[in-house]
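Per-entry structural report
This is what each chain is made of:
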Amino acid sequence: MKTVIGVTKTMRNLVVLACICSLCMSVSLQAEEVISFAKHADGVDVLVGNRLVAEYVHTEEPLGRPFISNVKTLDGIQVTRNYPVTKKDQQDHPHHQGIFHTFSQVNGIDYWHMKGITKHRQMTHAPNAKGKPLGFIAESVYLATDQKTPLLKEVIAYQFVVSELGLLIVVDATITAEANNVVLGSKEEGGLAVRMSSDLRVETGATMLDDQGRNGGRDIWGKQARWVDNSGKKQGQWVGVTLMTHPDNEKLYHWHARDYGLLTANPLGPLNTAPSQTLQLGDSKRFRYGVMIHSHDSPKSYQPDAAQKAYEKIAK
């Protein structure tokens, strides 16, 4: 007993430090273990503990496209616009469901505005809440105007990671031509898009910044950037979304960003001016993105650059 009582201050500090490190490791492991998925007829619910943090919808009426909606921070603050849209939301652009991946010019068909149908075909990897990665892989098909003939197959792997910075959603999309002469246009509406919560718009006092220091949709629109962050004060926290691109993409993506709450990383730019790309049967293109859903006590407590680094490390 005397030996224990006589432990030096330095030794006590080391013991405390070891305990803290052990606790942090335990919390980190537990955090990943609490991610779970509830599969149902229309899609997949994503939960952290008992909290629903996102809803993946692959089947709805009328048919449009798969998307992720009603996305929340780990402490339960919603960052994407309500889906379905409520009376409290702006009523514009009802096709902005939350987080979605699509293109507005495929053989002249506008899938962004859901003038064409992207139909869920199958889950190629069922929702997995054990081991790594935690997530699922979904396959969809872009249908021609007859709503029967497939033009593109789209396979998207979604990975969900609880990190120190927030909830990271890793999105890895591959499109493959299922017909010859499938033409992709460079229209601004295309790529991975996020529609922000109505109270997290630049128009209502939020901020939109990119990695080059540009501020607001007017300065960011059409430019190339690694990431764009849209954040603001909500329920006493500094919350928002950082939409990121991967360094191994074919090129640095251009951005379709709007102050009414839209972030879009477009891989086909320069927007509206790049030449169209034609895919032949079997040709593929891969697009990689990260989405950090974050909540902190102040703007100084969160750095989008740190989120980009975390995403790149995890997405290796």
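See the structure printed just above.
This write-up is about the structure you can find in this document.

Reading guide: rules and limits
All residue numbers here refer to positions counted from 1 along the written sequence of the relevant chain. Restriction of local features to residues with pLDDT of at least 70 applies here, the model being predicted, together with a cutoff of 80 or more for giving and counting side-chain atom pairs; totals for whole chains, interfaces and linings are based on all residues. For side-chain calculations, the full set of non-hydrogen atoms in the structure is used, while hydrogens and water are omitted. The term nonpolar core refers to a set of buried residues drawn from Ala, Val, Leu, Ile, Met, Phe, Trp, Tyr and Cys, joined through side-chain atoms within 4.5 Å. The buried label applies to any residue whose accessible area, calculated with a 1.4 Å probe on protein chains only, is under 20% of its type's maximum; exposed applies above 50%, and partly exposed to all values in between. A contact between two residues is defined here by any heavy atoms of the two lying within 4.5 Å. Here a strand is any run of E in DSSP of at least two residues, a helix any run of H or I of at least four, and the numbering for each starts at the N terminus. In protein, a polar contact requires one atom able to donate a hydrogen and another able to accept it; more generally it is a pair of N or O atoms within 3.5 Å, and residues adjacent in sequence count only if both atoms are side-chain atoms. Criterion for a salt bridge: a side-chain nitrogen of Lys or Arg within 4 Å of a carboxyl oxygen of Asp or Glu.

Moving on to the nonpolar core. Counting 59 residues, the largest nonpolar core has V106 and L152 as the members making the most contacts within it. In contact with L152, not counting residues within four places along its chain, are V106, S140, V141, Y142, I175, T176, A177, E178, V182, L184 and L279. Within the second largest apolar cluster, 11 residues are counted, among which are W227, Y302, A307 and A315.

In this structure, Q308 sits in helix α4 (residues 304-314). Residue Q308 is classed as buried on the basis of its relative accessible area, which comes to 0%. With 82 residues separating them in the primary sequence, Q308 and R226 have C-alpha atoms 8.2 Å apart. When sequence neighbours within four positions are dropped, the list of residues in contact with Q308 reads R226, W227, M244 and T245. Reaching out from Q308, the side chain makes a polar contact with the backbone oxygen of T245 at a distance of 2.9 Å.

Within the element layout of this structure, E188 appears in the loop between β10 (182-184) and β11 (190-195). A polar contact of 3.5 Å, which involves the side chain of E188, links it to the side chain of R258. Contacts of E188, omitting those with residues within four sequence positions, involve W221, H256, R258, N266, L271 and N272.

Counted according to the given criterion, the structure contains 14 salt bridges. Taking the shortest distance from any N to any O, the salt bridge between R121 and E139 comes out at 3.0 Å. A residue pair is termed long-range when its members are at least 10 positions apart, and R121 in strand β6 (residues 118-128) and E139 in strand β7 (residues 135-143) qualify at 18 residues. Salt bridges sharing common partners tie together D172, D248, R286 and R288.

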